[in-house]
Amino acid sequence: MSNNFVTRTWNWIDNRIGFSDYIVPLMVHLVPDNARWWYIFGSATLCAFIVQVFTGVCLAMSYVPGGEETYQSLKYITDTAPLGSILRGMHYYGASAMVMMAVIHMVQVYMHATYKYPREMNWMSGVVLLFVVLGMAFTGQLLRWDANGVWSVTVAAEMAGRTPIIGPTLAHFILGGETVGGSTITRFFAMHVFIMPALIFAGIGLHMLLIMRHGISEMPDVNDPVDPETYKEAYEKRIHKTGVPFWPDAMWRDMIFSTLIVGVILGCSIFLGPPALDPPPNPSSINANPLPDWYFLWYFAVLSLLPPQLETWVILGVPTIGFIVLFFLPLISNKGHRAPSKRPWAGGTVIFGFVAFLVLTIYGYKKPWSPDFGVKELPASVVGTDHGPLAEGAKLMHIKGCLYCHDIGGYGGHRGPELTEIGKLLTRDDLIIRINNGGHNMPAFASSISDSELQLVVDFLLTRGVEKEPENPKSTTP
Amino acid sequence: MSDQQPPTDQPCCQLKRRTFLTRVSVILGTIIGFMIAIPGVGYVLAPIFRKPKHKWRTVGKLDDFKVGGFVLVQYEDPSPVIWAGVTAKAGAWIRRVSETEFIAFSINCRHLGCPVRWVDDPKLFMCPCHGGVYYEDGTVAAGPPPEPLYKLNVRISEGLVEIETEPTPLTLTTLT
Ligand code: FES
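Residues numbered from 1 in each chain as written. Chains lettered and ligands numbered in written order. Predicted model: local features only at pLDDT ≥ 70, side-chain atom pairs only at ≥ 80, totals over all residues. Heavy atoms only, no water.

A.B. asks: Looking at this structure, I do not really get the state of the cysteines. What am I missing?
C.D. replies: Residues and elements named next belong to chain B. Evaluation of the coordinates by the stated rule reveals one disulfide over all chains. Across the disulfide from Cys 114 sits Cys 129; the S-S distance is 2.0 Å. Taking the torsion about the sulfur-sulfur bond, which here is approximately -75 degrees, the covalent link between Cys 114 and Cys 129 counts as left-handed. Pair noted here: Cys 114 is in the loop between strand S4 (102-106) and strand S5 (117-119) and Cys 129 is in the loop between strand S6 (124-126) and strand S7 (133-135), with a separation of 15 residues, a long-range link. Cys 114 gets classed as buried once you look at its relative accessible area, which sits at 1%. (Disulfide = S-S within 2.5 Å. Helix = DSSP H or I, 4+ residues; strand = E, 2+ residues; numbered from the N terminus. Buried < 20%, exposed > 50% of the residue type's maximum accessible area, 1.4 Å probe, protein only.)

Shown next, in the form of structure tokens:
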């Protein structure tokens, strides 16, 4: 009886909203039975997005977009609000997960050439989505409105300012005025919370619609290259013969993987916590060390390693060309082989991209191009003594900032050449000239170092890498 | 459903009426769009075109500054919004060169805008981002910055040192 009541109630509702008519067919649509674990990344991206939407909405209940109150509200969320630190952590790691999953999903689709006929627009909408997701990641980094956030927005504005003709307008649009300040944060808030999420929702809608329209692709078959003339018909035929309903036959894998992803996000936020806040967002404070989040670090490294003449081209070119190449890829090649074994260039590109990303990211963390402001004085073990002129010279290396850029025996920055063995390579005169006049990427010190200081430094440097003179020099000369 | 063509045997006026109504709705739709969009777009773009007046901001008493190296000063930026709080601050490196002479630089590196630091002993400005270095007169000593540090105007008025506010200096491109 009660069972009957439930059934009747459900039937009433179902009849009105059309769940069985509209939603069920989508859930049980046929998918190739050979897709298996390859296809879990798209749904994992979606799942990470759901984490972002949910945690983002919750955070917005306490987040105040404006001035130093932003910082205070972030502090409140992190330190005081119940579960606030977990929520902030989830939003942070969720962003990483979303970027990562989106990229892996794209690589998988690229390797299997799923973007070929008739799924060109699936890919194109995905590329747009990827760029909006990166935009979300970037604006999100600035909403962490601490010293790093403030300086990152300055750098972003400077980069936009390099655009020919409209550069300054663009930069001032980003800043919401001529300087970083209160109107900058509110601007980024609106982009991060309203504009970009709306784009992502719309993009996901389109992306899914296209998936339904063209069906999930099969695993590539070496003997069956894509031919737009016959593909659709053959696909339909095959899928009706061998396909399985998406739910539950294929979906359980997505569910397992997404559970894992959300578990990792939650785990990280519990055990690692959200990223620490830098000092407050005071644009006049110089104690910041602007560094982007890890997914942009490679780009930061590229910009630092480039010769200056190329820089503007790269700043403007990499995002633009990257987008254009990716976006139009399926129009350039939309038929032919899909199997990775027949497309060695595709594999090579992915491997190259991955290695480049890895190497540049490691460089980004090491920042060998930056002076190391935190270097310590050279210890006596490296200097060889703790008193006398040699020790004084070594001390001056620290005081005059030489060690910010030069490494001696493992102590110092890496902006300039290592000086551990310099005594073997340069003569006294060479050294004096270099220090006084500077040279390729080295400032001239002539006006800021006295003669006696210079002598001490040079004396010290000349001992580097040179064996201590034997006790009795005469005995070595015949 | 909607792509059904009207029956061809309809009287002519019916067709004309449809064409007319189509046009009317397209035109009205456009008008609605503009009415909604113009205030909003104008509002969002306004900060680009509103050039705030440069203002003189006091950064300290004359006696606070000793002749010597650069010190960091803070002052309010030229056009703070009321909710800006500490983010309305701008910073500058200022140096008393002689009894009556001051020199001031914006803290923004001319490469990509990071905050440069004055290091007193070697008498250099150094940038933490990509290794830009400047001499004490603001000229580039090393690294990627294409231009010298941006100079700010300083004046002494009734025993107070004042700096003239400026927009964040952008390094504009020539694409060479
Ligand atoms: S921003 Fe100063 S060197 Fe790049």
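A.B. asks: How do you make sense of helix H20 (residues 451-462) of chain A when you look at a structure like this?
C.D. replies: Because an α-helix packs 3.6 residues into every turn, residues spaced three or four apart end up facing the same way. All names here are of chain A. Here H20 is twelve residues long and its end C-alpha atoms lie 16 Å apart, about the 16 Å a rise of 1.5 Å per residue gives. Taken as a whole, H20 has its buried residues at Leu 454, Leu 456, Val 457, Val 458, Phe 460 and Leu 461. Buried residues belonging to H20 abut helix H15 (380-383), helix H16 (388-399), helix H18 (422-425) and helix H19 (428-437). (Expected span 1.5 Å × (residues − 1). Contact = heavy atoms within 4.5 Å.)

A.B. asks: Is there a simple way to think about a nonpolar patch on the surface in this case?
C.D. replies: All names here are of chain A. On the surface, a cluster of nonpolar side chains totalling about 1100 Å² of accessible area is made up of Trp 10, Trp 12, Ile 13, Ile 17, Phe 19, Tyr 22, Ile 23, Val 24, Leu 26, Val 28, Met 212 and Trp 247. Of all the secondary-structure elements, those providing two or more residues to the nonpolar patch are helix H1 (2-17) and helix H2 (19-27). When residues in the nonpolar patch are grouped by element, the largest group, five residues, is from H2. (Patch = residues over 30% accessible without salt bridge, like charges linked within 9 Å, V, L, I, M, F, W, Y side chains within 5 Å. Areas by Shrake-Rupley, 256 points an atom, 1.4 Å probe, with all protein chains shown as cover. Salt bridge = Lys/Arg side-chain N within 4 Å of Asp/Glu carboxyl O.)

A.B. asks: Just checking my understanding: could you explain the UniProt feature "domain: Rieske" (unreviewed entry) in chain B for this structure?
C.D. replies: Under the feature "domain: Rieske" (unreviewed entry), the UniProt entry names residues 57-163 of chain B. Between the C-alpha atoms that bound residues 57-163 of chain B the distance is 5 Å, and the span itself is 0% helix and 43% strand. (UniProt positions renumbered as here; feature names shortened; annotations may be inferred.)

A.B. asks: What should I look at first to understand the interface of chain A and chain B in this one?
C.D. replies: A common way to express how large an interface is: the accessible area buried when the components associate. Listed as interface residues are 65 residues of chain A and, on the opposing side, 57 residues of chain B. Both faces considered, chain A and chain B share a buried interface measuring about 5100 Å² in area, 64% of it formed by carbon and sulfur atoms. The three residues of chain A that bury the most area against chain B are Glu 158, Glu 178 and Ile 286 of chain A, which together make up 15% of that side's buried surface. The interface formed by chain A and chain B contains one salt bridge. Here Lys 400 of chain A ties to Asp 121 of chain B by a salt bridge, and the two come within 3.7 Å at their closest N and O atoms. Partitioning the side of chain A that touches chain B into residue classes produces 32 nonpolar, 24 polar and nine charged. (Buried area = accessible area lost by both parts, 1.4 Å probe. Nonpolar A, V, L, I, M, F, W, Y, C, P; charged D, E, K, R; others polar.)

A.B. asks: For this particular structure, what's the right way to read the UniProt feature "transmembrane region" (unreviewed entry) in chain B?
C.D. replies: On the UniProt side, "transmembrane region" (unreviewed entry) is annotated at positions that read residues 24-46 of chain B here. Along residues 24-46 of chain B, the helical share is 100% and the strand share 0%, with 32 Å between the first and last C-alpha atoms.

A.B. asks: I tried to follow the confidence of the model for chain A on my own but got confused; where do I start?
C.D. replies: One rule of thumb: low pLDDT means the predicted coordinates there are not for detailed reading. Of all residues in chain A, 97% attain a pLDDT of 70 or more, and the chain-wide mean is 90. In this model residues 473-478 of chain A is a low-confidence stretch, pLDDT under 50, and it forms one contact with partners more than four residues away in sequence or in other chains. (pLDDT = per-residue confidence, 0-100.)

A.B. asks: What is the right way to look at unusual backbone geometry in this model?
C.D. replies: The phi torsion of most residues other than glycine is negative, and most of the peptide bonds are trans. Residues and elements named next belong to chain A. Residue Pro 118 follows Tyr 117 across a cis peptide bond; omega there is 0 degrees. If you trace the backbone, Pro 118 turns up in the loop between helix H5 (84-111) and helix H6 (120-143). Residue Pro 248 is reached from Trp 247 by a cis peptide bond, and omega for that bond is 5 degrees. Along the chain, Pro 248 turns up in helix H11 (residues 246-271). In this model, Leu 83 sits at a positive phi of 65 degrees, which is unusual for a non-glycine residue. Among the secondary structure elements, Leu 83 is positioned in the loop between helix H4 (67-80) and H5. In this structure, Ala 113 takes a positive phi of about 50 degrees despite not being glycine. The exposure class of Ala 113 is buried, given its relative accessible area of 0%.

A.B. asks: When you look at the packing of aromatic side chains in this model, what are you seeing that I'm missing?
C.D. replies: Ring pairs (aromatic) are described by centroid distance and by the angle formed between their planes. Going through the model one piece at a time under the given rule, you end up with 28 aromatic pairs over all chains. Ring centres 6.5 Å apart and planes at 40 degrees place the aromatic pair Tyr 110 of chain A and Trp 123 of chain A in the tilted group. Taken together, the residues Tyr 110 of chain A in helix H5 and Trp 123 of chain A in helix H6 connect sequence positions 13 residues apart. Note on Trp 123 of chain A: relative accessible area 6%, which makes it buried. Summarising the aromatic geometry, the rings of Phe 327 of chain A and Phe 328 of chain A are spaced 5.0 Å apart at their centres and angled 90 degrees between planes, so their arrangement reads as edge-to-face. Every member of this aromatic cluster is reached through a ring pair, and the members are Phe 138, Trp 294, Tyr 295, Phe 296 and Phe 357 of chain A. A cation over an aromatic ring shows up here: Arg 253 of chain A above the ring of Trp 37 of chain A, its NZ or CZ 5.8 Å from the ring centre. A cation over a ring is seen here: Arg 117 of chain B above Phe 373 of chain A, with NZ or CZ 4.3 Å from the ring centre. (Phe/Tyr/Trp six-rings, centres within 6.5 Å; stacked < 30°, edge-to-face > 60°. Lys NZ or Arg CZ within 6 Å of the ring centre and 35° of its normal.)

A.B. asks: So what exactly am I meant to see when it comes to the domain arrangement of chain A here?
C.D. replies: Its domain assignment divides chain A into domain 1 (30-364) and domain 2 (378-461). Using only C-alpha atoms to locate each centre, domain 1 of chain A and domain 2 of chain A end up separated by 46 Å. (Domains from an automatic or database assignment.)

A.B. asks: What is the right way to look at the domain arrangement of chain B in this model?
C.D. replies: Domain boundaries assigned for chain B yield domain 1 (17-47) and domain 2 (55-165). Taking only C-alpha atoms into account, the centre of domain 1 of chain B sits 48 Å from that of domain 2 of chain B.

A.B. asks: Help me understand the packing of H4 of chain A against H5 of chain A in this model?
C.D. replies: Each pair of packed helices can be summarised by the angle the axes make with each other and by the distance between the axes. All names here are of chain A. Following both chains from N to C, one finds H4 and H5 inclined at 110 degrees, their axes separated by 5 Å at the closest point. Considered as vectors, H4 and H5 are oriented roughly perpendicular to each other. Contacts from Leu 74, Ile 77 and Thr 78 of H4 reach H5 at Gly 84, Ser 85 and Arg 88. In terms of residue class, the contact of H4 with H5 is built from two nonpolar, three polar and one charged. (Axes fitted to C-alpha atoms, helices over the stretch in contact; angles between N-to-C directions. Parallel < 35°, antiparallel > 145°, perpendicular 65-115°, else oblique.)

A.B. asks: Sorry, what's going on with the sheet that holds strand S1 (residues 56-61) of chain B here?
C.D. replies: The strands that make up a sheet are held in pairs by hydrogen bonds between backbone atoms, and each pair lies either parallel or antiparallel. Residue and element names in this part refer to chain B. Pairing is antiparallel across the open sheet formed by three strands, whose spatial order is S1-S11-S10. With partners counted over all chains shown, the strands left at the sheet margins are S1 and strand S10 (154-157), one partner each. With strand direction ignored, the average angle separating the axes of adjacent strands in the sheet is 35 degrees. In this sheet, strand S11 (residues 160-164) lies alongside S10 in antiparallel orientation, the contact comprising four bridges. The residue bridging Ser 157 from the neighbouring strand is Leu 160, located in S11. (Pairing = 2+ DSSP bridges.)

A.B. asks: What should I look at first to understand the side chain of Asp 14 of chain A in this one?
C.D. replies: All names here are of chain A. Position of Asp 14 among the secondary structure elements: in helix H1. Arg 16 provides the closest opposite charge to the buried, unpaired Asp 14, separated from it by 9.7 Å. If sequence neighbours within four positions are ignored, Asp 14 has contacts with Phe 19 and Ser 20. (Lys, Arg positive; Asp, Glu negative; His and termini not counted.)

A.B. asks: Would you take a moment to explain the confidence of the model for chain B for this structure?
C.D. replies: Scored by pLDDT, chain B has a mean of 87; 91% of the residues are at 70 or more. Model confidence for the complex is summarised by a pTM of 0.89, with the ipTM given as 0.86.

A.B. asks: Sorry, what's going on with the packing of helix H3 (residues 40-60) of chain A against H5 of chain A here?
C.D. replies: Residue and element names in this part refer to chain A. Where H3 meets H5, the closest approach of the two axes is 8 Å, and the angle between their N-to-C directions is 155 degrees. The angle between H3 and H5 places the two elements in the roughly antiparallel class. The crossing of H3 and H5 is left-handed. Only Leu 87, Arg 88, Met 90, His 91, Gly 94, Ala 95, Ala 97, Met 98, Met 101, Ala 102, Ile 104 and His 105 of H5 make contact with H3, whose side of the interface consists of Phe 41, Gly 42, Ala 44, Thr 45, Ala 48, Phe 49, Val 51, Gln 52, Thr 55, Gly 56, Cys 58 and Leu 59. (Left-handed = near helix turned anticlockwise from the far one by under 90°.)

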